[in-house]
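# Architecture at a glance
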Amino acid sequence: MTKVLVLYYSSYGHIEKMADAMAEGAKAGGAEVDIRRVAETAPAEVVKAAGFKADTLHAEIESPDKLAEYDAIIVGAPTRYGRMPSQMAAFWDTTGGLWMKGALVGKIGGAFTSTASQHGGQETTLFSILTNLLHHGMTIVGLDYGYQGQMGVDEVKGGTPYGASTLADGDGSRQPSAVELDGARYQGKRIAELAAKVKG
C-alpha cells in the first residue's frame, strides 16, 4: 500500500484542521496515512503569551530520517512574512543527510498553508515549502483546477494552484471553511493516487 505522510506545523489549529482533511483525501485515494507535526521551537513564554494551541492532536515526527519511509509527503505550515515559519524551516534544515543520499528523489510532494488575510502571502509561503521538496528531487502536485471550489468570488476562500489554503483572519477567529477543507481533501487524494501510480 502507498504510504503518505502529512507533516505540519500549526500555531493556532488552522493548519492542523487542514492536515486532517488532507489525510482524509489521501486515505480516499487508497493510501495508508500518518500525520505528524514538527517540534515547537518558540520559547515556552512566547508560546504562552501568544496563545498557541497546546493540545495538539498528532505526535511529533521522530526524526527527519522517517521521511524516507513514505511514497508521498504533504507539508503544511502557516505563513510568517510570506514564507514558512522557522519551526518548519528548522526541520527541513536537518534533512541534509537525506539530500546527500537522494532519499526523497522521485517521491511525490505537496504543500498547504494558512494566512490571516487574502493577500497575506499564501503563494510565496507555498513556494518556500515547495522549494525544499524540489531540491530533494520530489515531484509536486498542487491544487489543480479540477477542484472548481477554489474558483469564483462569491465568498472569501483560500485555494491556489500551488496548494490548498485557508484564511484565519487577523485574530485567528475564522476557521477553515467547507470549501477549503474540500480543497485539501481533493489535493490529498490526487497526491495519493499519483504516488500509487509512481510506486507501480
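Because the structure is predicted, anything quoted here is derived from the model rather than measured.

This brings us to the overall build of the chain. The helix and strand tally for the chain stands at 6 helices and 6 strands. For the chain, the sequential pattern of α-helices and β-strands runs β-α-β-α-β-α-α-β-α-β-β-α. Rg of the C-alpha trace for the chain: 16 Å, near the compact-globule value of 16 Å for 200 residues, within the 12% margin. Seen through its principal axes, the chain has C-alpha atoms that stretch 45 × 40 × 25 Å. By the burial criterion, 49% of the 200 residues in the chain qualify as buried. A sequence separation of at least 24 residues applies to 76% of the contacts in the chain between residues at least 6 apart.

Further remarks concern the UniProt feature "binding site: NAD(+)" (unreviewed entry) in the chain. Feature annotation in UniProt assigns "binding site: NAD(+)" (unreviewed entry) to the following positions: Tyr 12. Owing to a relative accessible area of 42%, Tyr 12 belongs among the partly exposed residues under this scheme. Once you skip the residues sitting within four places of it in the chain, Tyr 12 turns out to touch Ala 50, Gly 51, Phe 52 and Lys 53. Polar side-chain contacts of Tyr 12 include one of 3.0 Å to the backbone oxygen of Ala 50.

This chain's UniProt record puts "binding site: substrate" (unreviewed entry) on Trp 99. In this view, Trp 99 contacts His 135 and His 136; residues no more than four positions away in its chain are not counted.

The next thing to look at is the side chain of Lys 157. Structurally, Lys 157 is set in the loop between strand E5 (139-140) and strand E6 (164-167). In terms of polar contacts, Lys 157 uses its side chain to reach the backbone carbonyl oxygen of Met 151, at 2.5 Å. Residues in contact with Lys 157, not counting those within four places in the same chain, are Gly 149, Gln 150, Met 151, Gly 152, Leu 167, Arg 174, Val 179 and Glu 180.

Turning our attention to the packing of helix H1 (residues 14-28) against helix H6 (residues 178-199). Packing of H1 against H6 brings their axes to within 6 Å, and their N-to-C directions diverge by 40°. As far as their axial angle goes, H6 and H1 are oblique. Crossing angle aside, the handedness with which H1 passes H6 is right-handed. Between H1 and H6, the residues in contact are Lys 17, Met 18, Ala 21, Met 22, Glu 24, Gly 25, Ala 26 and Ala 28 and Glu 180, Leu 181, Ala 184, Arg 185, Gln 187, Gly 188, Lys 189 and Ala 192, respectively. Residues belonging to the contact of H1 with H6 are distributed by class as follows: 8 nonpolar, 3 polar and 5 charged.

Turning next to H6. Taking 1.5 Å as the rise per residue, H6 with 22 residues should run 32 Å; its terminal C-alpha atoms sit 31 Å apart, in good agreement. Those residues of H6 lying buried are Val 179, Glu 180, Leu 181, Gly 183, Ala 184, Gln 187, Gly 188, Ile 191, Ala 192 and Ala 195. Of the surrounding secondary structure, the elements contacted by the buried residues of H6 are strand E1 (3-8), H1, strand E3 (72-78), strand E4 (108-115) and E6. Phi turns positive one or two residues past the end of H6, at Gly 200, with a value near 65°.

The rules behind each value
Residues numbered from 1 in each chain as written. Predicted model: local features only at pLDDT ≥ 70, side-chain atom pairs only at ≥ 80, totals over all residues. Heavy atoms only, no water. Helix = DSSP H or I, 4+ residues; strand = E, 2+ residues; numbered from the N terminus. Rg over C-alpha atoms; globule rule 2.2 N^0.38 Å. Buried < 20%, exposed > 50% of the residue type's maximum accessible area, 1.4 Å probe, protein only. Contact = heavy atoms within 4.5 Å. UniProt positions renumbered as here; feature names shortened; annotations may be inferred. Polar contact = N/O pair within 3.5 Å; in protein donor to acceptor, adjacent residues only side chain to side chain. Axes fitted to C-alpha atoms, helices over the stretch in contact; angles between N-to-C directions. Parallel < 35°, antiparallel > 145°, perpendicular 65-115°, else oblique. Left-handed = near helix turned anticlockwise from the far one by under 90°. Nonpolar A, V, L, I, M, F, W, Y, C, P; charged D, E, K, R; others polar. Expected span 1.5 Å × (residues − 1).

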